[in-house]
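# Secondary and tertiary structure notes
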Amino acid sequence: NAGVIQTPRHKVTGKGQEATLWCEPISGHSAVFWYRQTIVQGLEFLTYFRNQAPIDDSGMPKERFSAQMPNQSHSTLKIQSTQPQDSAVYLCASSLDLGRAETLYFGSGTRLTVL
Amino acid sequence: GDSVTQTEGLVTLTKGLPVMLNCTYQTTYSPFLFWYVQHLNEAPKLLLKSSTDNKRTEHQGFYATLHKSSSSFHLQKSSVQLSDSALYFCALSASGSWQLIFGSGTQLTVMP
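So, a few notes on the structure that sits alongside this text. (Residues numbered from 1 in each chain as written. Chains lettered and ligands numbered in written order. Predicted model: local features only at pLDDT ≥ 70, side-chain atom pairs only at ≥ 80, totals over all residues. Heavy atoms only, no water.)

### Examining the interface of chain B and chain A
Size of an interface, as often reported, equals the accessible area lost when the parts are brought together. Residue-level contacts link 20 residues of chain B with 20 residues of chain A. Counting the surface lost from both chain B and chain A, the interface buries some 1700 Å², and carbon and sulfur atoms represent 54% of this. Considering only the surface of chain B that becomes buried against chain A, B:Trp98, B:Gln99 and B:Phe102 emerge as the three largest contributors, covering 32% of it. One can count zero salt bridges joining chain B with chain A. One can count four residue pairs in polar contact (both at pLDDT 80 or more) joining chain B with chain A. Sorting the residues of the side of chain B that touches chain A by element identifies β5 (32-38), β6 (45-50) and β10 (86-93) of chain B as the ones contributing at least two each. Of the residues forming the side of chain B that touches chain A, the biggest block, four residues, is contributed by β5(B). (Contact = heavy atoms within 4.5 Å. Buried area = accessible area lost by both parts, 1.4 Å probe. Salt bridge = Lys/Arg side-chain N within 4 Å of Asp/Glu carboxyl O. Polar contact = N/O pair within 3.5 Å; in protein donor to acceptor, adjacent residues only side chain to side chain. Helix = DSSP H or I, 4+ residues; strand = E, 2+ residues; numbered from the N terminus.)

### Let's talk about the layout of surface pockets
Summary: where empty space remains is shown by rolling a probe the size of a single water molecule over the atoms. Approximately 670 Å³ is the volume attributed to the largest pocket. If you trace the largest pocket, you find 27 residues lining it, with A:Gln37, A:Ile39, A:Arg111, B:Gln38 and B:Leu87 closest to the centre. Where the lining of the largest pocket is concerned, the elements lending two or more residues are β4 (31-38), β9 (88-95) and β11 (110-114) of chain A together with β10 of chain B. Here the residues of the lining of the largest pocket are counted per class, giving nine nonpolar, 15 polar and three charged. Approximately 230 Å³ is the volume attributed to the second largest pocket. For the second largest pocket, the lining is made up of 16 residues, of which A:Ile26, A:Ser27, A:Gly28, A:His29 and A:Gln72 are closest to its centre. Residue composition of the lining of the second largest pocket, grouped by class: five nonpolar, 10 polar and one charged. (1 Å grid on protein atoms, 1.4 Å probe; cavity = no way out; pocket = protein on both sides within 12 Å on 5 of 7 lines; lining within 4 Å. Points joined across faces, edges and corners; volume = space filled by probe spheres on them. Nonpolar A, V, L, I, M, F, W, Y, C, P; charged D, E, K, R; others polar.)

### Comments concerning the packing of aromatic side chains
For any pair of aromatic rings, geometry is given as the distance between the ring centres together with the angle between the planes. Applying the stated criterion across every chain, the model contains 13 aromatic pairs over all chains. With centroids separated by 5.3 Å and ring planes inclined at 90°, the aromatic side chains of A:Tyr35 and B:Phe102 adopt a geometry described as edge-to-face. Taken as a pair, A:Tyr35 in strand β4 and B:Phe102 in strand β11 (residues 101-102) lie in two separate chains rather than in one. B:Phe102 sits in the buried class, given a relative accessible area of 9%. Following the ring pairs from residue to residue traces out a cluster consisting of A:Phe33, A:Tyr35, A:Phe45, A:Tyr48, A:Phe106, B:Phe32, B:Phe34, B:Tyr36, B:Phe89 and B:Phe102. One Lys or Arg, B:Arg56, reaches over the ring of B:Tyr63 and ends 3.6 Å from the middle of that ring. (Phe/Tyr/Trp six-rings, centres within 6.5 Å; stacked < 30°, edge-to-face > 60°. Buried < 20%, exposed > 50% of the residue type's maximum accessible area, 1.4 Å probe, protein only. Lys NZ or Arg CZ within 6 Å of the ring centre and 35° of its normal.)

Have a look at this one:
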């Protein structure tokens, strides 16, 4: 079991460019989550899916951020027209199912730097 | 709304000393509390979790007790090691959205 895989590990974009981040959840896990980590804000919830269906995107900045899960083996987080304040580590996590006691298994994250 | 508070941003200790990292929460629902640990450049990993009032939960030498009366879930260890240096997050699962709410984190640094 390779764990949650996120690619790329590092991404540098210029202001205004698009960034696409990839996540491969643990096989058999039905829930996938995206979080953003910064020193100032800590871990911020962005969105999650269950069985590929979007359930809650209340943490997503609506205008430039979008997330998809086209199949059970990967999810993408797309940021259009990136801004310097988007610089952060973006973490993907998966869990066996949705449930209050479920453990989240995190990937190592993608560090996005917007110049 | 639901929230988690970790009062210490940075804790520095000498190896062998005890540590307590504070975590309090706020929710109107029945809480499920977690501690996650993140070593440098690694993914956060579950350390321990609990929803049972006044029962001590232990893992890898760390322990915590959920006290619903004081809305607390402090993390403790009797003797810290150099390898315990990491970022520790307290997290709450309470409302029906399945969203895990994280505290701001406490950076623990253990000195030789």
